[in-house]
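Descriptive analysis of the structure
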Amino acid sequence: MLIFLLEAGTGTLATLYESAVKEEISRNLNYTMMTAYKRDAVKTQAIDSLHKMFRCCGAGSFEDWPYSVWLANKTSNIHNVAPDSCCITTSPGCAIRAHPSNIYYVGCVESLQDFIREHLIILGAVGIGLCSLQIFGIIFACCLVRKLKKWHEYQRTSFWR
């Protein structure tokens with residue numbers, strides 16, 4: 001019964017919190033990109049992988065990057081408008097100019113949100129499907145117990161006759 005309730009809760013929560021997930025992704029992804037890029041090696045690698053995997057650039061769009069700590073730091077010799085991982089064909093210095101043939105214009109929040117929404121729908125459907133399967137199992141088990149009781153009563157009464 002506990003597993004049944006957990007599965008039902010998972011399916012329900014996955015559909016209810018879809019909009020909260022979008023807000024959280026937007027807020028945290030933008031903050032991480034603007035403050036941690038080229039300052040934290042692990043986060044930089046994760047952001048570059050995100051750009052390449054989802055074919056996106058920045059949180060909202062490539063136009064987010066001039067506000068980042070990485071590009072706001074004018075002491076470095078950076079002429080890019082975005083990270084090189086935002087380029088359609090990645091190479092060093094490829095993000096010097098922002099042109100649709102050169103840089104992904106779509107933001108990663110939208111791409112990541114679509115990806116998570118698809119998987120939340122799958123998670124919710126699987127949870128609800130397993131609950132339904134267990135409900136049918138409970139119904140069939142009750143029917144079986146009822147038939148067994150009748151059979152047992154029949155066996156007991158027919159033995160004494």
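Cut-off values and rules
- Residues numbered from 1 in each chain as written.
- Predicted model: local features only at pLDDT ≥ 70, side-chain atom pairs only at ≥ 80, totals over all residues.
- Heavy atoms only, no water.
- Disulfide = S-S within 2.5 Å.
- Helix = DSSP H or I, 4+ residues; strand = E, 2+ residues; numbered from the N terminus.
- Buried < 20%, exposed > 50% of the residue type's maximum accessible area, 1.4 Å probe, protein only.
- Expected span 1.5 Å × (residues − 1).

Further remarks concern the state of the cysteines. Per the counting criterion, the structure on display carries three disulfides. Across a sulfur-sulfur distance of 2.0 Å, Cys56 and Cys108 are joined as a disulfide pair. Taking the sign of the S-S torsion, about 90° here, the bridge from Cys56 to Cys108 comes out right-handed. On the criterion of sequence distance, the pair formed by Cys56 in the loop between helix H3 (41–54) and helix H4 (69–72) and Cys108 in helix H5 (residues 108–159) is long-range, its members being 52 residues apart. Each member of the pair, Cys56 as well as Cys108, is classed as buried. Across the disulfide from Cys87 sits Cys94; the S-S distance is 2.1 Å. Disulfide Cys87 to Cys94: torsion about the S-S bond roughly 110°, handedness right-handed. Summarising the burial analysis for this pair, Cys87 and Cys94 share the class buried. Taking only the cysteines that form disulfides and numbering them from first to last, the protein has the pattern 1-6, 2-3, 4-5. The thiol of Cys143 is not disulfide-bonded; the next cysteine sulfur, from Cys142, is found 7.0 Å away.

What follows concerns helix H2 (residues 18–36). The end-to-end C-alpha distance of H2, which contains 19 residues, comes to 26 Å, matching closely the 27 Å that a straight helix rising 1.5 Å per residue would cover. Those residues of H2 lying buried are Ile25, Leu29, Met33, Met34 and Ala36. Lys38 occupies a position one or two residues after H2 and carries a positive phi of about 65°.

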